[in-house]
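Breakdown of the fold
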Amino acid sequence: MSRIIGRNTGQDRDAPAIPPPQPEETFVAVGDLHGCPDLLCRLGLMIEQQHFGSPIVFLGDYVDRGEDTRGVLELLMGSSPEGSQPVTCLMGNHELLLLDFLDDPARGARSWLRNGGLQTLASFGVAPPAGGMDNRPALEALRDRLAAAMGDRMIDWLRDRPLTWRNGNVWAVHAGADPIKPMEAQDPEVLLWGHSRFHRQPRQDGQWVVHGHSVVPAPEMRDTRIAVDTGAYATGVLSAAVISKEDVRFLQAGNG
């Protein structure tokens with residue numbers, strides 16, 4: 001399923017005109033996957049059939065919440081920025097939560113496990129923790145079992161994910177950006193977790209931001225933002241934006 005929109009950016013009629021997205025080449029930005037490899041495969045087939053050769057950027061949050069984090073990571077790790085269908089995979093805040101747990105289980109376990117980490121453990125065949133969140137030896141043993149199941153190559157791949165990707169005047173990030181700061185000067189925490197002004201204040205520098213992280217009922221383009229996270233793990237709908245010099249087209253795979 002696809003939908004095309006033109007230059008309606010949702011701005012006020014009397015507001016200054018916002019320059020449209022002008023990528024150097026057509027590219028595809030894919031929303032949060034959260035352990036849904038089946039939807040990834042379905043959307044990937046649509047992209048291959050309709051936009052073969054165009055770069056693809058995944059906007060982060062591949063792990064947690066959905067039932068098959070392992071399957072998503074194995075699929076993404078088989079892609080490459082140098083392939084015939086160039087693929088870039090950004091870091092999301094859930095990848096950071098997982099890495100924080102691996103680096104310091106006692107500090108990172110509570111936040112990660114409460115935000116979908118239990119599903120990630122299950123996808124790697126690792127039993128949930130038997131002790132409480134204050135049982136350091138149990139949490140460290142849990143970390144060791146998960147790290148062994150994931151393997152160094154997968155963990156290193158997660159650590160190497162970039163925070164941004166740029167094509168013309170369009171920036172791909174996971175969560176958002178401070179609209180008053182240049183994109184080159186954004187705080188990594190803002191890129192991963194968002195900013196209080198991001199959804200309220202359009203940028204004034206001619207730059208657009210395509211992002212995931214914040215679930216929307218349908219993908220949308222407005223006020224220098226393009227949002228494509230439609231909550232795939234909960235809704236069964238994975239969305240992407242095909243961004244070209246002519247227009248922005250939304251693709252969806254799933255129930256929608």
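Look up a bit, the structure's there.
Residues numbered from 1 in each chain as written. Predicted model: local features only at pLDDT ≥ 70, side-chain atom pairs only at ≥ 80, totals over all residues. Heavy atoms only, no water.

What follows deals with the overall build of the protein chain. Looking only at helices and strands, one finds eight helices and 11 strands in the protein chain. Put simply, the protein chain has 256 residues, and 52% of those count as buried. Counted over contacts in the protein chain with a minimum sequence separation of 6, partners at least 24 positions apart contribute 66%. Accessible surface, the protein chain: about 11300 Å² in total, of which carbon and sulfur atoms supply 48%. (Helix = DSSP H or I, 4+ residues; strand = E, 2+ residues; numbered from the N terminus. Buried < 20%, exposed > 50% of the residue type's maximum accessible area, 1.4 Å probe, protein only. Contact = heavy atoms within 4.5 Å. Areas by Shrake-Rupley, 256 points an atom, 1.4 Å probe, with all protein chains shown as cover.)

Counting across every chain of the model gives 10 salt bridges. The shortest N-O distance in the salt bridge between Arg107 and Asp104 comes to 3.5 Å. By relative accessible area, Arg107 is classed as exposed at 56%. Between Arg166 and Glu184 there is a salt bridge whose closest N-O contact spans 3.7 Å. Highlighted residues: Arg166 in strand β5 (residues 165-167) and Glu184 in the loop between β6 (170-172) and α7 (188-193), separated in sequence by 18 residues. Note on Glu184: relative accessible area 59%, which makes it exposed. (Salt bridge = Lys/Arg side-chain N within 4 Å of Asp/Glu carboxyl O.)

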